[in-house]
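Next come the chains, spelled out residue by residue.
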Amino acid sequence: MSGALANHARAVGTSFVATGGKYYWPVGASLEAGDMALNFDDDVAFTVQSDWTPGDQHGRFFINGQSYGVKIAKSSTGWRLRFRGIDLVHQVMTPRVFELSQFMPVKKAADTSKQLLCPMPGVITQVLVKDGDTVEAGQSLATVEAMKMENVLKAERRAVVKAVKASVGQSLAVDEVIMEFE
């Protein structure tokens, strides 16, 4: 890197753990004549060439001489890679970081199946049902105006309205509860 101090070169390790979904692979990496050499624990080795840089949305990779085009996007926890119908978030970390990551609790998604949430910041312009009403799948429940467009929110399935939490004229943020179902 130009402008770097002579004795402050970035030291990059050679042992990593690559993860994708619920799978992980210990991998050794080294730079050999401008190519990246990847060696996996099961004695599988790859030579990788690419001019991809972080921020590019598409990467052309030559793996053992074969060309692959991969769509790449940054995700909150790593890189989202899409190739021929495969869509996974991958991470590459040091063995110690991987070891510690195993102790991280998995956050369970909140059960919102019995709620109608506001899909975007907006103002409630209509509430078409009241407490105790039975609604059918596809029935209009409420209207939210956002960015000068009206968005009609519909029931996903048959249910009974337990409580309407929002009223006409109320401004709501994303994921605020509009109504609850039994």
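Residues numbered from 1 in each chain as written. Predicted model: local features only at pLDDT ≥ 70, side-chain atom pairs only at ≥ 80, totals over all residues. Heavy atoms only, no water.

Regarding the sheet that holds strand β11 (residues 134-135)
Within the open sheet, the four strands sit side by side as β9-β16-β14-β11. Their pairing is antiparallel. Only two strands of the sheet have a single partner each, and these edge strands are β9 (115-117) and β11. When strand β14 (residues 159-164) meets strand β16 (residues 177-181), the two strands line up antiparallel, connected through three bridges. Note that in β16 the partner of Ala163 across the bridge is Glu180. (Pairing = 2+ DSSP bridges. Helix = DSSP H or I, 4+ residues; strand = E, 2+ residues; numbered from the N terminus.)

Re the environment of Ala137
Among the structural elements, Ala137 can be located in the loop between β11 and β12 (140-146). When its relative accessible area of 52% is taken as the criterion, Ala137 is described as exposed. Each C-alpha atom, one on Ala137 and one on Tyr23, is 38 Å from the other, the two residues being 114 residues apart in sequence. Setting aside anything within four residues of it in sequence, one finds Ala137 in contact with Ala155, Glu156, Arg157 and Arg158. (Buried < 20%, exposed > 50% of the residue type's maximum accessible area, 1.4 Å probe, protein only. Contact = heavy atoms within 4.5 Å.)

Topic: the pairing of strand β2 (residues 23-32)
With six bridges connecting them, strand β1 (residues 15-20) and β2 associate as antiparallel partners. Bridging from a neighbouring strand, Thr19 pairs with Tyr24 of β2. Hairpin connection of β1 to β2: two residues between the antiparallel strands, including Gly21 at a positive phi of 65°. Pairing of β2 with strand β3 (residues 35-40), which is carried by six bridges, proceeds in the antiparallel orientation. Bridging across to β3, Gly28 finds its partner in Asn39. Hairpin connection of β2 to β3: two residues between the antiparallel strands, including Ala33 at a positive phi of 55°.

Topic: the packing of aromatic side chains
Per the stated rule, a full pass over the model turns up four aromatic pairs. Ring geometry for Phe40 against Phe46: centres 5.7 Å apart, planes inclined by 85°, an arrangement best described as edge-to-face. The interplanar angle of 70° and the centroid separation of 5.7 Å between the aromatic rings of Tyr68 and Phe83 together place this pair among those described as edge-to-face. Placement of the pair is Tyr68 in strand β6 (residues 66-74) and Phe83 in strand β7 (residues 79-83), with a sequence separation of 15 residues. When its relative accessible area of 25% is taken as the criterion, Tyr68 is described as partly exposed. (Phe/Tyr/Trp six-rings, centres within 6.5 Å; stacked < 30°, edge-to-face > 60°.)

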